[in-house]
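Chain and residue survey
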Amino acid sequence: MGTPPRSPWALLVPTLVLVGLWAPCVVSRQPNFIVILADDVGWGDLGANWAETKETPHLDQLAAEGTRFVDFHSAASTCSPSRASLLTGRLGLRNGVTHNFAISSLGGLPRNETTLAEVLREAGYSTGAIGKWHLGHHGHHHPNSRGFDYYFGIPYSHDMGCTDTPGYNLPPCPPCPQHSTTARVVRKDCYTEVALPLLENTTIIQQPVELGSLARRYAEEAERFIQRASDKGQPFFLYLALAHMHVPLVPPLPPGPGRGIYGASLGEMDALVARVKEAADSLGRGSTLLWFTGDNGPWAQKCELAGRLGPFVGAWQRQRGGSSAKQTTWEGGHRVPALVYWPGRVPAGRTSQALLSILDIFPTLVALAGAALPPNRRFDGLDVSPVLFGSSDVGHKVLLHPNSGAAGKAGEVEALRLAQYKAFYTTGGAMACDGSTGPAQQHHPPLIFNLDRDIQEQEPLDVASREYQAVLPAISRAYAQALQDIAADNVSVADYSQDPAAIPCCNVQHVGCRCHGAHGATRDPHVESRTPWLCL
């Protein structure tokens, strides 16, 4: 792990690159794009990254046939901000999405932000989103209004509504009430009043969702979307945002001892990815770029239902209490697995140490499609196509890590990466499995870790050391320049207001918004008799 040690005295003062490092690399024929985003997946949840993991043979094969990026980061350590950054190429301080939306949210990703789907659709692509959205579902914030021709999925996290088969969660959540006379079970962190909806475009086709069939349905819808685009002779962009590995987990087989529940669910995700890859390859190997990554690190408070961090344990924080994974700015919160597969274009069997981010997906795919970036705004992502193609291993010089719930104001940037150095102006731990949280602490001057020597973030540099004194001015300048650039940009503000009328409900007359026949439903949504239950 890590790049060879570099002399801190040789560091040049960095400049935040906003649009890209290189001119766009345009292929002769517009390629298809599949972006698969796993939820709450750990860096160590791939066997290719962490030898202890045995449940991902297909993803490991994908790594062998493509390029694995081991220093790849989400743009935030929680759901909505990370997804907004993927689809805009901009941090939450620019695009306005700094924390998660609710089931009753009126707003979403601001309308003046341009999504990747909108750019690619304008460039001639068929665009589809399957899976979790969590960027606003009310009115014009729905995926169909944000550049996606087709949508099939759940409008937010699949723990944000009750179901008849709740699966595995900590604490366990009760099933949906069946009748208005059913005694209500109220439990902390459980949604018990409204059933979880499944949407196809703007129509609720099942409420509550039958979670046990969700992986199969997502795979089938992905295959159908790919085939429809192929039949029309159109290039396509498929954004597949999985429910895995977020709780509740619904493993396909009876779980075994130990980590059986999580391992079985991880294996189901692995098989789903393999099925989508096979569908893409059926169009002709080399016609489709597939990019697999995660939205943030594991949700540690879920204990044995949370993923593996690998070596990124945030030891300094753990010694002071709390988790160093999801919702934090420690490596375990935002360093995520990343694989890119594109036969004939992306080298097989390669491991890249380049410092990359989920922010880079937007400008890279736009460039490969031969399209132009939206004007009048600045981007935090880079066109990293030369890194994908193996002609370079240079990514970001500076990468910002926004607060994501554990400490500090949500969305504010109080941690950053400069080459091998990681600086913290604020630290804090999210809730851990043992229930502890780490108190927020301010650091002036900042804590600085050398990740080349200390990937576990255990021992910060001594402020009196020659190394610390040499790198601090470069970090301070990079931090100041980044904040000044954001302040001078065309920034958006998200509407986080709520109204119960915005909650997706297919039948307000039924307890929990239950639809007739949805209880225990196993019918395929393409063959069942439908009623036009519209998402508000």
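The coordinates are above.
The rules we used
- Going along each chain's sequence as written, the residues are numbered from 1 onward.
- Where totals are concerned, whole chains, interfaces and linings use all residues; where local detail is concerned, this predicted model gives features only for residues with pLDDT of at least 70, and gives and counts side-chain atom pairs only at 80 or more.
- With hydrogens and water set aside, each side-chain value is computed from the structure's full complement of heavy atoms.
- When DSSP locates at least two bridges between a pair of strands, those strands are taken to pair.
- Helix and strand assignments follow DSSP, with helices taken as H or I runs no shorter than four residues and strands as E runs no shorter than two, numbered in order from the N terminus.
- Interaxial angles span 0 to 180 degrees and are taken between N-to-C directions of axes, which are lines fitted to C-alpha atoms, for helices over the stretch in contact.
- Put simply, two rings from Phe, Tyr or Trp (the six-membered ring, in Trp's case) pair if the centres are within 6.5 Å, and we call them stacked under 30 degrees between planes, edge-to-face over 60, tilted for the rest.
- Summary of the burial criterion: residues with accessible area below 20% of their type's maximum are buried, those above 50% are exposed, and those between are partly exposed, where the area comes from a 1.4 Å probe applied to protein chains only.
- By the definition adopted for this analysis, an angle is roughly parallel if under 35 degrees, roughly antiparallel if over 145, roughly perpendicular if from 65 to 115, and oblique otherwise.
- Contacts: residue pairs with any heavy atoms within 4.5 Å of one another.
- Amino acids outside the nonpolar list (Ala, Val, Leu, Ile, Met, Phe, Trp, Tyr, Cys, Pro) and the charged list (Asp, Glu, Lys, Arg) are all regarded as polar, and Gly is one of them.
- Two cysteine sulfurs form what is called a disulfide whenever their separation falls within 2.5 Å.

So, about the sheet that holds strand 13 (residues 398-402). Strand order in the open sheet made by the four strands is 13-14-15-16, with antiparallel pairing throughout. Whereas interior strands pair on both sides, the edge strands pair on one side only; in this sheet they are strand 13 and strand 16 (438-450). When strand polarity is set aside, the average angle formed by the axes of neighbouring strands in this sheet is 20 degrees. Both strand 14 (residues 413-418) and strand 15 (residues 421-429) contribute to a ladder of four bridges, which runs antiparallel. Looking across to strand 15, one finds that Leu-416 is bridged to Ala-423.

What follows concerns the packing of aromatic side chains. Per the counting criterion, the structure on display carries 16 aromatic pairs. Aromatic side chains Phe-148 and Tyr-239 sit 6.1 Å apart centroid to centroid with 25 degrees between the ring planes, which places their arrangement in the stacked category. Residue Phe-148 is found in the loop between strand 4 (126-131) and strand 5 (150-153), and its partner Tyr-239 is found in strand 8 (residues 236-241); the two are separated by 91 residues along the sequence. Just as Phe-148 is buried, Tyr-239 falls in that class too. Here the aromatic rings of Phe-424 and Phe-449 are separated by 5.8 Å at their centres, their planes lie at 85 degrees, and the arrangement is edge-to-face. Taken together, the positions of Phe-424 in strand 15 and Phe-449 in strand 16 put the pair 25 residues apart, joining distant regions of the chain.

Attention now goes to unusual backbone geometry. With an omega of 5 degrees, the peptide bond running from His-244 to Met-245 counts as cis. At the junction of His-444 and Pro-445, the peptide bond is cis and its omega measures out at 5 degrees in the coordinates. The phi dihedral of Asn-201 falls on the positive side, at around 55 degrees, and the residue is not glycine. Position of Asn-201 among the secondary structure elements: in the loop between strand 6 (198-200) and strand 7 (203-206). For Asn-201, a relative accessible area of 24% corresponds to the partly exposed category. Despite not being glycine, Cys-513 shows a phi value in the positive range, around 65 degrees.

For any two helices packed against each other, one specifies the inter-axial angle together with the distance between the axes. In contact at an axis separation of 10 Å, helix 5 (residues 214-232) and helix 6 (residues 260-281) are set at 10 degrees when each is read in the N-to-C sense. The orientation of helix 5 relative to helix 6 falls into the category roughly parallel. On the side of helix 5, the interface is formed by Ala-215, Tyr-218, Ala-219, Glu-220, Ala-222, Glu-223 and Ile-226, while helix 6 contributes Glu-268, Leu-272, Arg-275, Val-276, Ala-279 and Ala-280. Among the residues forming the contact of helix 5 with helix 6, the class breakdown is nine nonpolar, no polar and four charged.

We now examine the state of the cysteines. Disulfide: a covalent bond formed between the sulfur atoms of two cysteine residues. Tallied over the entire structure, the rule returns five disulfides. Two residues share a disulfide in this structure: Cys-303 and Cys-433, whose sulfurs sit 2.1 Å from each other. Because the torsion about its S-S bond is 110 degrees, the bridge between Cys-303 and Cys-433 counts as right-handed. Of the two residues, Cys-303 sits in the loop between strand 9 (288-294) and helix 7 (315-318) while Cys-433 sits in the loop between strand 15 and strand 16, which places them 130 residues apart along the sequence.

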